[in-house]
Amino acid sequence: MDDRRFPFLDGVAGALVDGGGRIVGCTATAEELLALPARVLCGRPIRDLLAEPEGWPDPDGVQGTWDGRAVVRTGDGRPVSLDLRVLSLHGAPQDGPDAIRQVVLGAPSSTADRWKQDQAFTRELFLQDRFGLAVFDTELRVVRTNTHLLPYTGVPPTLSGLRLADFLQPEDAVAVEAHLREVLETGRPLVLAEEFARTVVDPRSGRMMAISAFRLQDTDSAVIGLTVLFNDITEQYRARQRLALLHRATAAAGGSLSVTGTAEELAGALVPDIADVAVVDVAAAIFTGDEPVPDRAGQLLLRRTASAGPPGAAPATGDTVQVRADGMADTAADAAPDPAEAWTIHAPLAARGIPLGRVTIRRDRWRDPYDEGDRLLLSEIAARAGLSLDNARRYTREHRAAVGLQRSLLPPAVKTVAAVSTASVYLPTDSAGGVGGDWFDVIPLSSARVALVVGDVAGHGLQATATMGRLRTAVRTLADLDLEPDELLVHLDDLVSQLLVEADVVADADLDEALSGEHHEPGPGRHEPGSLGATCLYAVYDPVTRCCTLASAGHPPPAVARPDGTAEFLPLTPGPPLGVGGLPFEASDAVLEPGSVLALYTDGLIERGEGDIDEGMAELRRRLAGVGGGERPLREVALQLVAGLPPTRLRDDVTLLLARTRAVPARDTAAWSVRPEPAAVARVRADATAQLTAWGLDDLVFTTELVLSELVTNAIRYAGGPVGVRLIRADTLTCEVSDGSSTQPRMRRARLTDEGGRGLYLVAQLTSRWGSRYTARGKTIWTEQELPGTG
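Residues numbered from 1 in each chain as written. Predicted model: local features only at pLDDT ≥ 70, side-chain atom pairs only at ≥ 80, totals over all residues. Heavy atoms only, no water.

Visitor: Explanation requested: the layout of surface pockets in the structure shown.
Guide: Remark: the empty space left among the atoms is shown by a probe the size of a water molecule rolled over them. In this model, the largest pocket occupies a volume close to 740 Å³. Along its surface, the largest pocket is lined by 28 residues, and Arg773, Tyr774, Thr775, Ala776 and Thr780 are the ones closest to its centre. Examining the composition of the lining of the largest pocket, we find that 4 residues originate from one element, strand β20 (residues 534-542), more than from any other. Taken together, the residues that form the lining of the largest pocket break down as 12 nonpolar, 7 polar and 9 charged. (1 Å grid on protein atoms, 1.4 Å probe; cavity = no way out; pocket = protein on both sides within 12 Å on 5 of 7 lines; lining within 4 Å. Points joined across faces, edges and corners; volume = space filled by probe spheres on them. Helix = DSSP H or I, 4+ residues; strand = E, 2+ residues; numbered from the N terminus. Nonpolar A, V, L, I, M, F, W, Y, C, P; charged D, E, K, R; others polar.)

Visitor: Would you take a moment to explain the pairing of strand β11 (residues 277-283) for this structure?
Guide: Across the 7 residues that make up β11, a large majority, 7, are buried. The side-chain alternation of β11 yields two buried faces, one formed by Val277, Val279, Asp281 and Ala283 and the other by Ala278, Val280 and Val282. Inspection of the sheet shows β11 paired to strand β15 (residues 354-362) by 6 bridges, in the antiparallel sense. Across the sheet, residue Val279 finds its bridge partner in β15, namely Thr360. (Buried < 20%, exposed > 50% of the residue type's maximum accessible area, 1.4 Å probe, protein only. Pairing = 2+ DSSP bridges.)

Visitor: When you look at helix α12 (residues 634-642) in this model, what are you seeing that I'm missing?
Guide: An α-helical segment advances 3.6 residues per turn. Residues three or four places apart therefore align on the same side. Looking at α12, one finds that the buried residues are Leu634, Val637, Ala638, Leu641 and Val642. Summarising the axial view, the buried residues of α12 lie within an arc of 125 degrees, below the 170-degree limit, and thus occupy one face. On its buried face, α12 is in contact with β17 (420-427), β25 (597-601), α10 (603-607), α11 (613-624) and β26 (654-661). At the C-terminal side of α12, Gly644 shows a positive phi close to 80 degrees. (Arc of directions from axis to C-beta. Contact = heavy atoms within 4.5 Å.)

Visitor: Can you help me understand the packing of aromatic side chains in this one?
Guide: How two aromatic rings sit relative to each other is given by the distance of their centres and the angle of their planes. By the definition in use, this model includes 1 aromatic pair. Plain terms: the ring middles of Phe196 and Tyr237 are 5.6 Å apart, the flat faces sit at 85 degrees to each other, and that makes the pair edge-to-face. Linking Phe196 in strand β8 (residues 190-197) with Tyr237 in helix α5 (residues 234-253), this pair joins segments that are 41 residues apart in sequence. By relative accessible area, which is 32% here, Phe196 ends up partly exposed. In this structure, Arg303 packs its charged tip against the face of Phe287, placed 4.2 Å from the ring centre. (Phe/Tyr/Trp six-rings, centres within 6.5 Å; stacked < 30°, edge-to-face > 60°. Lys NZ or Arg CZ within 6 Å of the ring centre and 35° of its normal.)

Structure below.
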């Protein structure tokens, strides 16, 4: 008996038994199992091999089959437990006792038990309903499935012989078959590969399957197919997706301090993961930084701020809608329910119990309607987005306050004085820290001169703005003393150094409070680190001499556009930033032709986002070229210079001050040297009268004679030495009297019995402005009178 002809009997011993119970043939497996050769086994009664022969059935007593377990004795004396099956063969009546009557099959009991376990495992596996099980052939046709392979709409009740593409969406079938084909080709098992399964009949959201597969091979290692397990993980997948969406939406909404930006980021994060269309409506008061207040009817006016979705499906922004304060749509109480609400969800946006708006998502009808999990998810997203929106509202309020304060401290954008006409541009930063501490100023000085100032306080926010206001006030006060630019910066540096000392004292107090467990909110006197450092550029332009004297405290040099179309940066030796202390400042002089455009700016203009300062300065010089000498309005020129600068989001304030220089013609000035004797006063009055008459200023003759008489007399009486007189006709009439004394005049209130002391009082009453300044040779007392027709 050759068992190689029966590969399905691999591991099973077989024997043929005649009517007398003798073995007439056996397989090689039987020889191996019993450790006896066939020549010994053949002709031997089968009962002789049994340890307990009494239980063996007679050949004629078996009808059909007999199964049992018996212990046999092998040729080497080992007892072996076998599971046996006896198949009865009933021959013709004329067959003798030597005819084969039984086929005996046997296998070791341990092997038989394992087979039974395998059969039970396979049988029970195909009866499970917690996952789908399928056997595919090598052509990826379904051979066998359990009853719960894909118990979903659109799956045929009988799948045998079908391919996945026969009942699944083409793209889903291709994706799954790609995994299965790789298992067939490589033999590497597939473990928990996630793929969507959507049927042809119901192509909605479908189910997410975790697919595992392994290859099947026969005893000759030939591939005969593969077994695939389909585990429905849709709920777990949705939970993961919802958690990931919650994190993405929270991060997106919290990434902006702009109210509109927060709404747009939120709407964009919801599409397409949970919605086909998302709309964010924000209370109108939020855009000004105010807290929304519902009206008496509990209604709140919302502005449609952001929407996301396919073109044509997403509603336009800018419309307004009136809703209940809880953020839900305001519909009549008796209105019929809308079936579309199953595909629409509203969620209120609120923070600290204050309604801020609402978010609405809508899903197309071909997708599954929203369930309770989707509603809870949107509510959580809206709760977190409400905090971000409230932060944006509070930032907007502070930003508007800081910008408003800063703009209130700055001069008009366009200003004209005798020496220059100016235009300015101020662009506040877009950073989270708030506006910076940039400032500029145009300060009229004596003798038709003008001071041009630009500065930059370190840091951002209200503290930087407040510090800027203090420095601007200090500069104006020092400028009123007519100090030279380098000397003015020395005094300003001293002031900043004192402020830094005060800030250190406050910081030490804060540290003591922290160590003691106390806490105080930052107040006006509490400074953030770095909020007092500053740079400043101070320039004085004299339209009579056309000379510009300037000094810098760590500030970039000014640029000038010449009338001939060239542009350059004025040579300047910058000193240290304000607050360093102990280092000098150096003044530089430059002659500017009439019509030149002087550009003072802060570093926000030349840093240009990601670029370096050198590139920014080169670009500024290129744009300035050709500006000088033209008649274009300076405001238009200033806007052109900042257009496109910086190319990216503003990281610092941008401040630009342009000044087009003017000159006082020589015919509009007159100067005399006066001998220090009383008789010279009359000659001064006569010369001044003649000059005013030539200028057509007869209305100012009387006042000017009185002013010059008083000032020249005082100079001769108290200063001695040479005295100089100068008249300047510009936007006002300036009278100057210079002497060699460094003693400043002081106006005082004369008593009734005093014979003198009323001269400066009269000068102050007769002129619109007066003062004195130190010079290299002493001092100069000046007065200003408004020209007729300009008052």
